[in-house]
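Overview (structure and organization)
The residues making up each chain are set out below.
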Amino acid sequence: MELKLEPLRTPSLSNIEAGQLINRHLDDIETIPPALRTDYAYTAYVQDLSALSDHYEKALAQIRKDEETLKIGMADEARDKSLSFFSWGLKMFGASDDPDEAEASRGLQIVYRSFKDIAKLNYEAESLAIDKLVVELEKPKHADKVAQLGMERHVARIKSANETFKTLFGSRMVSMAMAEVFDMKTIRKETFAKYSEFCTYV
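Residues numbered from 1 in each chain as written. Predicted model: local features only at pLDDT ≥ 70, side-chain atom pairs only at ≥ 80, totals over all residues. Heavy atoms only, no water.

Observations concerning helix H4 (residues 123-137)
Taking 1.5 Å per residue, 15 residues should reach 21 Å; H4 reaches 21 Å between its end C-alpha atoms and fits that length. Residues of H4 that are buried: Glu126, Ser127, Ala129, Ile130, Leu133, Val134 and Leu137. Seen from one end, H4 has its buried residues packed into an arc of 170°, which puts them on one side. (Helix = DSSP H or I, 4+ residues; strand = E, 2+ residues; numbered from the N terminus. Expected span 1.5 Å × (residues − 1). Buried < 20%, exposed > 50% of the residue type's maximum accessible area, 1.4 Å probe, protein only. Arc of directions from axis to C-beta.)

In structure tokens, the structure reads:
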């Protein structure tokens, strides 16, 4: 069977694969004894490519950070669902044939409705609104009604989901404030332009 080499199509590589290619290229160069690396242009290319590779790795890390955005979105959906389940539960008990359950439901629905459209608020406003809602529901006059309907776990779920969201969102805000911003498209273009120049020179 005849084997032949196919040209490397760098544009088809994923960002991670492209980064691995550059890193492997630089690692292989490092195996060459320093005494043999005396060509000035060659050395300059290696230095430039190394610097671009560092920027490329930081840009990849930034992309990984973007995964946090997805986690935040999922955490927001989870707390919205916890609010919906609580609301549905109140409506169900509102239709109960037990007068005490129906009355407890009506009282809690007044509290819940005072926090109108919580799930439609922006992230931070929703976090604050949920905190206030939980504080109200945990007050003795309302907590008794919650316990009467056996909905303590629903309140706990709302509280837990909101705390999880706030933790993720808070760490994301801190990392964004401290992070450098990298344009992966531009950095990749510059890195492979230098890589191509280097290959042509060699």
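Right, picking up where we left off after that structure.
Concerning the side chain of Ser127
The topology assignment puts Ser127 in helix H4. If near-sequence neighbours (up to four positions away) are discounted, Ser127 is found in contact with Arg79, Asn162, Phe165 and Lys166. (Contact = heavy atoms within 4.5 Å.)

Re the environment of Asp100
Residue position: Asp100 is located in helix H3 (residues 99-113). Put simply, Asp100 and Lys145 are 45 residues apart on the chain and 9.4 Å apart in space, counted from C-alpha to C-alpha.

Quick word on the packing of H3 against helix H5 (residues 140-148)
At a closest axis distance of 9 Å, the pairing of H3 and H5 adopts a crossing angle of 130°. In this view, H3 runs oblique relative to H5, as classed from their interaxial angle. In this structure, H3 meets H5 at a crossing whose hand is left-handed. Across the interface between the two elements, Asp100, Glu101, Ala104, Gly107, Leu108 and Val111 of H3 pack against His142, Lys145, Val146 and Gln148 of H5. (Axes fitted to C-alpha atoms, helices over the stretch in contact; angles between N-to-C directions. Parallel < 35°, antiparallel > 145°, perpendicular 65-115°, else oblique. Left-handed = near helix turned anticlockwise from the far one by under 90°.)

Some words on the pattern of salt bridges
Counting across every chain of the model gives 9 salt bridges. Of the charged contacts in the structure, one is a salt bridge between Arg24 and Asp28, with a shortest N-O distance of 3.2 Å. Placement of the pair is Arg24 and Asp28 together in helix H1 (residues 15-30), with a separation of 4 residues, close to one helical turn. The class for Asp28 is partly exposed, based on a relative accessible area of 39%. Between Arg79 and Glu126 there is a salt bridge, with its nearest N and O atoms 3.4 Å apart. Here Arg79, found in helix H2 (residues 40-94), pairs with Glu126, found in helix H4; they are 47 residues apart in sequence, far enough to count as distant. Accessibility classification places Arg79 together with Glu126 in one group, the buried group. When salt bridges that share partners are traced, they join Asp76, Arg79 and Glu126 into one network. (Salt bridge = Lys/Arg side-chain N within 4 Å of Asp/Glu carboxyl O.)

Some points on the layout of surface pockets
By volume, the second largest pocket amounts to about 180 Å³. For the second largest pocket, the full set of lining residues is Leu83, Ser84, Ser87, Trp88, Leu90, Lys91, Gln109, Tyr112, Arg113, Phe115, Lys116 and Asp117. For the lining of the second largest pocket, the secondary-structure elements that each account for two or more residues are H2 and H3. If one sorts the elements of the lining of the second largest pocket by residue count, H2 sits on top with 6 residues. For the lining of the second largest pocket, the residue count by class is 5 nonpolar, 3 polar and 4 charged. (1 Å grid on protein atoms, 1.4 Å probe; cavity = no way out; pocket = protein on both sides within 12 Å on 5 of 7 lines; lining within 4 Å. Points joined across faces, edges and corners; volume = space filled by probe spheres on them. Nonpolar A, V, L, I, M, F, W, Y, C, P; charged D, E, K, R; others polar.)

Concerning H1
Here H1 spans 23 Å end to end across 16 residues, near enough to the 22 Å set by a 1.5 Å rise per residue. Along H1, the residues classified as buried are Ala18, Gly19, Ile22, His25, Leu26 and Ile29. The arc that holds every buried residue of H1, seen down its axis, measures 125°, which confines them to one face. Residues of H1 that are exposed and point over 90 degrees away from its buried face: Gln20, Arg24 and Glu30.

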